[in-house]
Amino acid sequence: MLKSEVEIVTRKRANLVGYSVEASLNDDVEGAIVAGLREKLASRIAEIPQRVDRSMMLVQVYPDCDWTPDVTYTHIVAVEVNHHPPAAPEGMIVHIVPEGRFLRFLHQGDEGDIDATHAAINEWLDLNGYTDAREYDIERWEELDRLDKADNVIEIYVPIS
């Protein structure tokens, strides 16, 4: 469920280390790709030095085209590290999210219901004049062991110019 509070925030550059895969939304729904990347990263988290905190992030990088659930895009599941340039253990990637201004939305509830929240965010963006296609967005998962709980909160960041 999309909570009503929406804020404009400035985020500093984020140095991320984790895993990346190209897949469509339908591929992810059918194969639980993001959940698999999250589990894989959690199993190797001790190999990543200088993590900023215990959270994980999902960065979704979209192609410049008309989006449908069958369009392939990049899913990055990663943790933020506080050193630059970040070093990635074997088999992992480095991704940099540049400093910028973002709209910060909050999803409350089971992560499995987040597609409805993203639909509500897209509607909010259209109603409020944010009609430009976005290159990416970010989900920040604070407590991985609470993702299926009713009081779970996931931060969602949408870049704005």
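Our subject is the structure listed above.
### A look at the nonpolar core
(1) Moving on: Core analysis: the largest hydrophobic core is formed by 23 residues, its most contacted members being Leu-41, Ile-48, Val-77, Phe-105 and Trp-141.
(2) Moving on: Among the secondary structure elements, those contributing two or more residues to this core are strand S2 (14-24), helix H2 (33-43), strand S3 (56-61), strand S4 (72-81), strand S6 (100-108), helix H3 (114-127) and strand S8 (153-160).
(3) Moving on: Ranked by the residues each element gives to this core, the list is headed by S8, at 4 residues.
(4) Moving on: Here Trp-141 is in contact with Val-34, Arg-38, Ser-55, Met-56, Met-57, Leu-58, Val-77, Glu-111, Leu-147 and Ile-154, once residues within four sequence places are set aside.
(5) Moving on: Among the nonpolar cores identified, the runner-up in size contains 12 residues, and Val-9, Ala-14, Tyr-136 and Ile-138 belong to it.

### Observations concerning the environment of Glu-143
(1) Moving on: By the secondary structure assignment, Glu-143 is in the loop between strand S7 (136-141) and S8.
(2) Moving on: Residue Glu-143 is classed as partly exposed on the basis of its relative accessible area of 42%.
(3) Moving on: Considering only alpha carbons, one finds Glu-143 and Ser-55, 88 residues apart in sequence, at a separation of 6.5 Å.

### Considering the pairing of S7
(1) Moving on: Burial of S7 is extensive: 6 of the 6 residues sit out of reach of the surface.
(2) Moving on: Covered by surrounding structure in S7 are Tyr-136, Ile-138 and Arg-140 together with Asp-137, Glu-139 and Trp-141, the residues of both alternating faces.
(3) Moving on: Pairing between S3 and S7: 6 bridges, direction antiparallel. Of the residues in S7, the one forming a bridge with Met-56 is Trp-141.

Criteria and thresholds
Residues numbered from 1 in each chain as written. Predicted model: local features only at pLDDT ≥ 70, side-chain atom pairs only at ≥ 80, totals over all residues. Heavy atoms only, no water. Core = buried A, V, L, I, M, F, W, Y, C linked by side-chain atoms within 4.5 Å. Buried < 20%, exposed > 50% of the residue type's maximum accessible area, 1.4 Å probe, protein only. Helix = DSSP H or I, 4+ residues; strand = E, 2+ residues; numbered from the N terminus. Contact = heavy atoms within 4.5 Å. Pairing = 2+ DSSP bridges.

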